[in-house]
Amino acid sequence: MHKQWSCSVVKQASAFIRFYMRLKSTKARPTAPLGSRILTNPDDIFKHNMWDHVQWTKEDQEAARQKAEENSSIRLPLTEQGKFSTDACQYWDQFYEAHQDKFFKDRRWLFLEFPELLPSSAEEKRTNACRSHQVAAEPASSSSRTNGETGHCQHNDPIQRRQKQIPFYLQEAAAEPNKTIRQISPFPGQHASFRILEVGCGVGNSVFPIVNTIKNTDSFLYCCDFSPRAIQLVKDHPDYDDSVCRAFVHDICEEVGSFPFPPQSLDVILAVFVLSSIHPQRVQRVVNQLSTYLKHGGVFLFRDYGRYDLSQLRFKKGRCLSDNFYTRGDGTCVYFFTKEEVHDLFSKAGLEEIQNLEDKRLQVNRGKKVSMRRVWMQSKYRKPPVPLPS
């Protein structure tokens with residue numbers, strides 16, 4: 001018995017030493033801030049896995065254009081293309097059946113790129129943009145004000161619980177006194193003062209970083225996908241909490257169908273690698289419809305594939321459906337945007353540009369000594385505040 005106890009103690013001590021050394025090693029390794037790793041010396045290319053803000057030469061741009069032109073020279077016949085729209089849900093359902101929640105990693109970079117998802121950060125930005133609207137909307141006798149409404153910065157405590165705001169439809173009525181007050185039926189998350197919608201949420205790679213951040217705040221997250229299998233995986237996740245989150249099946253391309261919340265009730269809409277999967281002829285109507293659910297001053301956050309990304313140039317001939325729109329081997333589709341297209345998309349929906357970036361990076365496989373050019377679009381557009389009545 002004593003011998004067994006001694007062996008157990010030795011094993012535990014060894015494990016602790018290994019853990020301590022690994023922790024010490026990790027702390028000693030400097031972490032590069034996001035977007036700050038710039039390649040200045042070509043000889044250093046294989047020192048890291050990713051380089052930021054990579055500049056393309058005219059030769060690089062032309063070579064990429066020619067490659068895309070080549071792989072789109074043979075297109076799928078129109079008679080075969082319809083199924084990729086009509087059966088899109090089926091293709092994605094099969095994708096999630098095959099991969100479950102193992103294909104994509106959780107997007108823990110979300111709050112670095114999109115701090116608007118943090119209740120205090122987004123509320124402060126929205127307050128600054130719509131301060132006059134909010135002052136007019138709030139009754140003079142109200143004694144309940146959030147830090148954002150008084151102008152105090154909340155960045156030091158983004159998950160501080162905030163006080164209740166007055167109901168949304170009363171704000172609208174105060175801002176537009178000649179407008180009849182619309183009685184809104186009860187809906188999930190109606191008592192939250194900060195509401196987020198993620199469209200095309202998949203199995204929750206954005207959902208759970210957000211849920212775990214907004215717990216104990218006066219916030220609520222809605223998330224939808226047209227794949228029933230994906231939504232079921234979200235609901236089965238151990239971190240799913242219906243007190244702060246509502247997951248539901250919804251096809252954002254459907255003209256008929258409603259969301260479980262009223263128009264003009266959302267502070268943030270998040271679309272990450274979602275709009276690219278929609279046929280380019282349908283995506284404008286989708287953005288128009290989604291934008292009607294934003295509050296005045298609310299923000300639409302967008303990240304997706306950019307023109308001439310590596311994944312576009314890798315397509316074989318015969319996978320192209322239309323200009324810069326392709327179908328993968330599993331039946332899912334992808335479009336590759338430009339800055340100008342993104343700007344037109346959101347501007348035509350009545351939103352104002354906050355940010356519209358072409359994020360060009362160099363991804364490196366140090367083992368195989370291969371470098372790959374990645375291009376992503378990252379944009380933020382705001383719904384303008386309501387003008388004060390004259």
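Please refer to the structure placed before this passage.
Overview of the packing of helix H12 (residues 283–291) against helix H14 (residues 339–347)
Now for step 1: Closest axis-to-axis distance for the H12/H14 pair is 9 Å, and the angle between their directions is 45°. Looking at the two axes, H12 sits oblique to H14. Within the contact between the two elements, H12 uses Val283, Gln284 and Val287 and H14 uses Asp344, Leu345 and Phe346.
Now for step 2: Of the residues in the contact of H12 with H14, the class split is 4 nonpolar, 1 polar and 1 charged.

Topic: the pairing of strand S2 (residues 194–199)
Working note: regular strand, side chains alternate between the two faces of the sheet.
Now for step 1: Burial within S2 is extensive, with 6 of its 6 residues counted as buried.
Now for step 2: Where burial is concerned, the two faces of S2 agree: the one with Phe194, Ile196 and Glu198 and the one with Arg195, Leu197 and Val199 are both buried.
Now for step 3: Bridge count between S2 and strand S3 (residues 219–225): 6 bridges; the pairing is parallel. What sits directly across from Phe194, in S3, is Ser219.
Now for step 4: Traced from S2 through helix H10 (residues 207–214) to S3, the parallel crossover comes out right-handed.
Now for step 5: Of the strand pairs in this sheet, S2 and strand S5 (residues 266–272) are connected by 3 bridges, and their pairing is parallel. Bridge pairing in S5 links Glu198 to Leu270.

Notes on the sheet that holds strand S7 (residues 320–322)
Now for step 1: One open sheet holds the 3 strands; their spatial order is S7-S8-S9, and the pairing between them is antiparallel. Of all the strands in the sheet, the pair left with one neighbour each is S7 and strand S9 (333–335). The sheet shows a mean angle of 30° between the axes of neighbouring strands, direction not considered.
Now for step 2: As paired elements, S7 and strand S8 (residues 325–327) share 2 bridges and run antiparallel to each other. Looking at S8, one finds that Cys320 is bridged to Tyr326.

What to know about the sheet that holds strand S11 (residues 370–382)
Now for step 1: Strand order across the open sheet formed by 8 strands is S1-S10-S11-S6-S5-S2-S3-S4, with mixed pairing between neighbours. The two strands at the open ends of the sheet, each matched to only one other strand, are strand S1 (50–51) and strand S4 (245–249).

Concerning the environment of Thr338
Now for step 1: As for its placement among the helices and strands, Thr338 is situated in the loop between S9 and H14.
Now for step 2: In sequence terms Thr338 and Tyr308 are 30 residues apart; their C-alpha atoms lie 9.3 Å from each other.
Now for step 3: Look past the residues within four positions of Thr338 in its chain and what remains in contact with it is Arg307 and Met377.

So, the state of the cysteines
Now for step 1: Scanning the model with the defined rule gives 0 disulfides in all.
Now for step 2: Between Cys201, a cysteine without a disulfide, and Cys223, which holds the nearest cysteine sulfur, the sulfur-to-sulfur distance is 4.2 Å.
Now for step 3: For Cys201, a relative accessible area of 2% translates into the label buried.
Now for step 4: Residue Cys223 stays outside any disulfide, its sulfur separated by 3.9 Å from that of Cys245, the closest cysteine.
Now for step 5: Owing to a relative accessible area of 0%, Cys223 belongs among the buried residues under this scheme.

Focus: the pairing of S5
Now for step 1: The buried count for S5 comes to 7 of 7 residues, which makes it a mostly enclosed element.
Now for step 2: Pairing geometry for S5 and strand S6 (residues 294–305), over 6 bridges, is parallel. Bridging from a neighbouring strand, Leu270 pairs with Leu301 of S6.
Now for step 3: With respect to chirality, the unit in which S5 leads through H12 into the neighbouring parallel S6 is right-handed.

The rules behind these values
- Residues numbered from 1 in each chain as written.
- Predicted model: local features only at pLDDT ≥ 70, side-chain atom pairs only at ≥ 80, totals over all residues.
- Heavy atoms only, no water.
- Axes fitted to C-alpha atoms, helices over the stretch in contact; angles between N-to-C directions.
- Helix = DSSP H or I, 4+ residues; strand = E, 2+ residues; numbered from the N terminus.
- Parallel < 35°, antiparallel > 145°, perpendicular 65-115°, else oblique.
- Contact = heavy atoms within 4.5 Å.
- Nonpolar A, V, L, I, M, F, W, Y, C, P; charged D, E, K, R; others polar.
- Buried < 20%, exposed > 50% of the residue type's maximum accessible area, 1.4 Å probe, protein only.
- Pairing = 2+ DSSP bridges.
- Right-handed = clockwise from strand over helix to strand, strands pointing away.
- Disulfide = S-S within 2.5 Å.

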